Amino acid sequence: MTSADTASGVCIMMKVIQHTAKTLHTALVSNSKDLAKIYSKYTKEERSFLEEGFHSGQPGSLFQPIAVHSDSDWILAHPEEPQDFESFYRDPHRRTPDASHNTIYIQTIGSFGEVGALTDQYVGWLRDYCQAFFYRLSVKLLPAVTVSETGCSFRVNSNSHNLQILTGDLLHFLENKKPKDAFCIVGITMIDLYPKDSWNFVFGQASLSMGMGVFSFARYDDNFYTRGYAGRLKEQIQPRRGDYSVFKGYYTPPITSTLLLRSCQTMTHEIGHIFGIWHCQWLSCVMQGSNHLEECDRRPLDFCPICLRKVQVSVGFKIAERYKALLQWMEEDQSQASGPQTASHPATHFPKPTEAFHTYKQWLHRCLNRLET
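Residues numbered from 1 in each chain as written. Predicted model: local features only at pLDDT ≥ 70, side-chain atom pairs only at ≥ 80, totals over all residues. Heavy atoms only, no water.

## Some words on the sheet that holds strand 10 (residues 192–194)
Think of a sheet as strands paired side by side through backbone hydrogen bonds, with each pair either parallel or antiparallel.
Then comes step 1: Read across the sheet, three strands follow the order 7-8-10 without closing on themselves; strand pairing throughout is mixed. In this open sheet, the two edge strands, each paired with only one partner strand, are strand 7 (154–156) and strand 10. Here the average twist between neighbouring strands, direction ignored, is 40°.
Then comes step 2: Inspection of the sheet shows strand 7 paired to strand 8 (residues 163–166) by three bridges, in the antiparallel sense. Its bridge partner being in strand 8, Phe154 is matched across the sheet by Ile165.
Then comes step 3: Set on the sheet, helix 8 (residues 167–177) makes contact with strand 8 and strand 10; between it and strand 8 the angle comes to about 50°. (Pairing = 2+ DSSP bridges. Helix = DSSP H or I, 4+ residues; strand = E, 2+ residues; numbered from the N terminus. Axes fitted to C-alpha atoms, helices over the stretch in contact; angles between N-to-C directions. Contact = heavy atoms within 4.5 Å.)

## Observations regarding helix 9 (residues 257–274)
Side chains of residues three or four places apart in an α-helix project in the same direction, reflecting 3.6 residues per turn.
Then comes step 1: Compared with an ideal rise of 1.5 Å per residue, which puts 18 residues at 26 Å, helix 9 spans 26 Å between its outermost C-alpha atoms and is within 8% of the ideal.
Then comes step 2: For helix 9, a buried count of 17 out of 18 residues is recorded, marking the element as mostly surrounded by other parts of the structure.
Then comes step 3: Following helix 9 by one or two positions, Gly276 has its phi on the positive side, about 105°. (Expected span 1.5 Å × (residues − 1). Buried < 20%, exposed > 50% of the residue type's maximum accessible area, 1.4 Å probe, protein only.)

## Brief notes about the pattern of salt bridges
Then comes step 1: For the structure on display, the rule yields 14 salt bridges.
Then comes step 2: As a salt-bridge pair, Arg298 and Glu294 come within 3.7 Å of each other at their nearest N and O atoms. Of the two residues, Arg298 and Glu294 both sit in helix 10 (residues 293–298), four residues apart, roughly one turn of that helix.
Then comes step 3: Looking at Arg298, the relative accessible area reads 27%, which means it is partly exposed.
Then comes step 4: Counted as one network, the salt bridges with shared partners bring together Asp34, Glu86 and Arg90. (Salt bridge = Lys/Arg side-chain N within 4 Å of Asp/Glu carboxyl O.)

## A look at unusual backbone geometry
Then comes step 1: The phi torsion at Ser30 lies on the positive side, around 85°, for a residue other than glycine.
Then comes step 2: Within the secondary structure, Ser30 is located in the loop between helix 1 (21–29) and helix 2 (33–39).
Then comes step 3: Looking at Ser30, the relative accessible area reads 4%, which means it is buried.
Then comes step 4: A positive phi angle, near 55°, is found at His161, a position not held by glycine.

The values reported here are purely geometric and, on their own, carry no functional implication.
In structure tokens:
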């Protein structure tokens with residue numbers, strides 16, 4: 001791409017979207033005096049850290065510009081208005097945690113692999129990561145439910161020939177399950193999703209006004225798109241409405257480090273939307289949209305400075321303390337279990353598979369070094 005948009009301060013060249021430092025400064029700080037005053041309350045080190053984004057892509061920079069690899073990438077396929085900090089802050093419909101609504105609830109739906117201690121730990125790892133990521137908020141797990149308990153509609157996908165469940169029905173189920181002190185409730189499943197009959201699939205769907213979301217990790221299995229994928233139904237079946245027996249023993253992907261990383265990334269991205277954060281168009285960021293798995297894998301695991309400020313003003317954490325909590329999640333004694341201990345699985349522990357988080361871990365150390373120098 002060689003087009004340029006000087007009016008908006010955006011230059012798209014060599015498949016990279018590079019905003020000017022002035023444009024990024026306005027997006028982060030705002031030209032409004034009241035918001036600039038709030039920004040001035042950050043420490044000198046925090047402001048210096050956030051302003052590194054103005055020089056994205058330079059050697060040693062902590063932040064990178066958005067790389068566009070094809071016309072099918074989200075940012076080109078789904079043109080959206082960019083959301084700067086001021087637009088976010090003044091949005092009357094955005095959701096902000098308060099003393100009475102400060103808990104994120106996670107509801108697992110259907111099987112998450114072979115029932116046992118590893119499944120418990122995997123969901124526990126997700127909970128712990130989410131609590132570090134949205135530092136200072138409480139994150140709780142609700143008791144797991146079967147697909148039949150949700151009463152949802154389902155179908156067999158004509159292309160992938162695997163089972164899918166309807167997102168709208170799951171959101172309705174979550175609405176009835178949402179605790180009174182919830183900031184939001186999110187449903188997670190290893191079963192593929194579809195939002196309506198005309199769509200092939202969807203990674204997830206949310207109702208921002210109701211503080212709910214549901215998303216699937218099924219397509220994060222590296223073998224999902226292969227003909228030999230174990231989740232493909234072996235027989236041509238047309239399941240009857242309400243006959244949930246087809247989900248008994250349904251295949252779920254093995255829990256690997258890559259699956260854990262992708263799950264953490266998707267979960268935090270979708271919860272970011274519930275805060276009122278739009279798809280990021282400023283810098284490489286976990287809040288970028290993605291049309292396919294390859295694009296999803298290119299996203300970093302964390303916020304750019306602009307989206308980080310949006311969450312920080314909503315929750316009120318110290319930036320360095322949040323990064324330390326994330327590092328602790330990656331570096332804590334891996335012999336310790338995150339999942340609950342049960343009578344059937346009293347003392348079986350598995351090491352947390354964080355190998356895929358190595359690059360993110362190095363980046364967090366660099367961030368803390370800048371913040372504490």
